[in-house]
Every structure is written in C-alpha cells, then in structure tokens.
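Structure assessment
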Amino acid sequence: MTALWLAVGFWLAAWALNVWLAGSRLSKTGPGRALVPLIFGATVLVLWEGLVRGLGVAPVILPAPSVIAAKIAVELPTLWQDFAQTILKGAIPGFLIGAGAAFLTAIAIDRSPFLQRGLLPVGNFVAALPIVGLAPILVMWFGFDWQSKAAVVVVMVFFPILVNMVAGLQASERMQRDLMATWGASYWQSLWKLRLPSAMPFIFNGLKIASTLALIGAIVAEFFGSPIYGMGFRISTEVGRLGLDMVWATIAVAALAGSVFYGLITLIERGVTFWHPSQRH
C-alpha cells in the first residue's frame, strides 16, 4: 500500500500546485498555460501507477503506465507499422479528401438555395447513421486495404465540416455583404475577400471536430476487415489474446497521434484567425 499512499500524496501536492499556477500571473503566459495540463497529466499517470500497484490490480484487467511504456519501447516497430497503416494511409488521406469535398459542396450549397434546402437535411440524416453500420459496407465496397478506411473517414468528416462551413459562410454581416455589392464585387470576390475570412472560425471548428472523428473512423473500420497490421486490427487481435498491455500501448499511440493532429490544426487556426476575439489572450 506504500505505492498507493505515495501516489495519493503526489496527487494532492500536484493539485495544490496547479491551483496556485492557475491563479498566478504565470498562467497568463504560454509556458504557464502549457504547464498546468502537463502537471495534471503527470498526476493522472502517477495516481494510476500507484492505484494499480498498491491495490494489486492484475495486468490483464488494467496494466500500469510503466508496463505500457515498456511495451511501447519493445514493440516500437510494430506500433510504427500500425500507425503508418491506420493514420498515414487511412485517416489523413480520408480527412483531406473529406475536407476538400465538404469545402466544394459548401460553396455549391451557398450558391444554390435548392441544395441548401435539399442536401443539408439528407446530410444530417447520413451523419446520424452509426459508423458500425457503415464501416462493414464500405469495407465490402473498397476492399480490406487502406482505401476502405479512408472511405469511412471521408463519410465521418464530410458532414461536420460541411455544416460548419455553410454556417460560416452566413456569418458575415448583411451590411458588409451589401457594401461589397455596392462596390461592384462579384460573387467570387465577395467570397474570397469577405465571406471566407469570416467563416474561418467555423471552418476550423469543423476541422478540429473532424480530426478526432477521422482517427476513430479509421480504427473502427479495421475491426471489420484489414491487412495483418493496423491499430484497429492490433486492438481486436490482442484483446482476443488478453494482451492488454499491447492494447493500451496502441491506444496510447492513437491518443498521442490524435492530440498532435488536433494541436497542429489549432496552431494553424491561431495563425489564420489571429484577428478573431477567441484568439486574444
């Protein structure tokens, strides 16, 4: 029980430190804002380690973070192969294709009231379909390799980005649009100079939502058919063999990849929408 009490003591001390940091001037700076979640994350890992070791939890139920880290170090080549298959070949291409298709479709909807009234309700219906129902169908259509996973990702990311972009294109004020028309601006000039910049916060909101959906879609699709590698394949296989340490190692890599992907989109958003009130600290 010593490990448990040490972990609880560390958690209490880290909690007090985070409370102090959140109320100090340091929290207003970039390093201070990054330090608070880092301390919180480290606290969760230490508490997890202490609970597992102090309570004697069996590894087959919940492995300790140190065991998971050791498994990552040992299985790094396998995890990299799975990462390349799922993320680089499935999630990212599907995300890019889905985002591009949503961008073009949003502009078409913006130009056509008929599409706005007819396509968006259909899009909301398709977005509500469960991925576990669509994934096996798309795997049957596109095969077991990365193409079917990219297709699942396209379906998952298309409508969140589309809905956000359509809303964003309507975000500019009527007076601003009338002023552009008074100056004789064409539709495309108004779109490029006024409406797209105004829509950027909405677009990036959709992209951030889609970044997590892309990863989930690629992994779930691999449960219904994949080559002998991939994150979804690895999770389903290792669960059947009770290799929970490898399952958690794969989950950790997926979570890290998703966080990095989300963070990259957030950094791009800050550079593009620096003028927006949400980016002022």
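Structure shown above.
For the structure given in this document, a descriptive report is provided here. Quick caveat: nothing in here was measured; it's all calculated off a predicted structure. (Residues numbered from 1 in each chain as written. Predicted model: local features only at pLDDT ≥ 70, side-chain atom pairs only at ≥ 80, totals over all residues. Heavy atoms only, no water.)

Re the pattern of salt bridges
Counted by the stated rule, this structure contains six salt bridges. Among the salt bridges present, the one from Glu-75 reaches Lys-71, with a minimum N-O distance of 3.8 Å. Sharing partners across several salt bridges, the network here consists of Lys-71, Glu-75 and Asp-245. (Salt bridge = Lys/Arg side-chain N within 4 Å of Asp/Glu carboxyl O.)

Observations concerning the packing of helix H10 (residues 231-240) against helix H11 (residues 244-272)
Relative to each other, H10 and H11 sit at 160 degrees, their axes nearing to 8 Å. Here H10 lies roughly antiparallel to H11, going by the angle between them. For the crossing formed where H10 meets H11, the hand is left-handed. Contacts between H10 and H11 involve Met-231, Arg-234, Ile-235, Glu-238 and Val-239 from the former and Met-246, Val-247, Thr-250, Ile-251, Val-253 and Ala-254 from the latter. (Axes fitted to C-alpha atoms, helices over the stretch in contact; angles between N-to-C directions. Helix = DSSP H or I, 4+ residues; strand = E, 2+ residues; numbered from the N terminus. Parallel < 35°, antiparallel > 145°, perpendicular 65-115°, else oblique. Left-handed = near helix turned anticlockwise from the far one by under 90°. Contact = heavy atoms within 4.5 Å.)

Quick look at helix H6 (residues 131-142)
Given a rise of 1.5 Å per residue, 12 residues ought to cover 16 Å, and the 16 Å separating the end C-alpha atoms of H6 matches this to within 8%. Two residues or fewer after H6 comes Gly-143, characterised by a positive phi angle close to 95 degrees. (Expected span 1.5 Å × (residues − 1).)

Concerning the side chain of Asp-82
Within the fold, Asp-82 resides in helix H4 (residues 76-111). On the basis of relative accessible area, Asp-82 is assigned to the buried category, the value being 0%. In this structure the side chain of Asp-82 is engaged in a polar contact, spanning 2.8 Å, whose partner is the backbone nitrogen of Gly-230. Asp-82 has contacts with Tyr-229, Gly-230, Met-231 and Arg-234, leaving out every residue within four places of it along the chain. (Buried < 20%, exposed > 50% of the residue type's maximum accessible area, 1.4 Å probe, protein only. Polar contact = N/O pair within 3.5 Å; in protein donor to acceptor, adjacent residues only side chain to side chain.)

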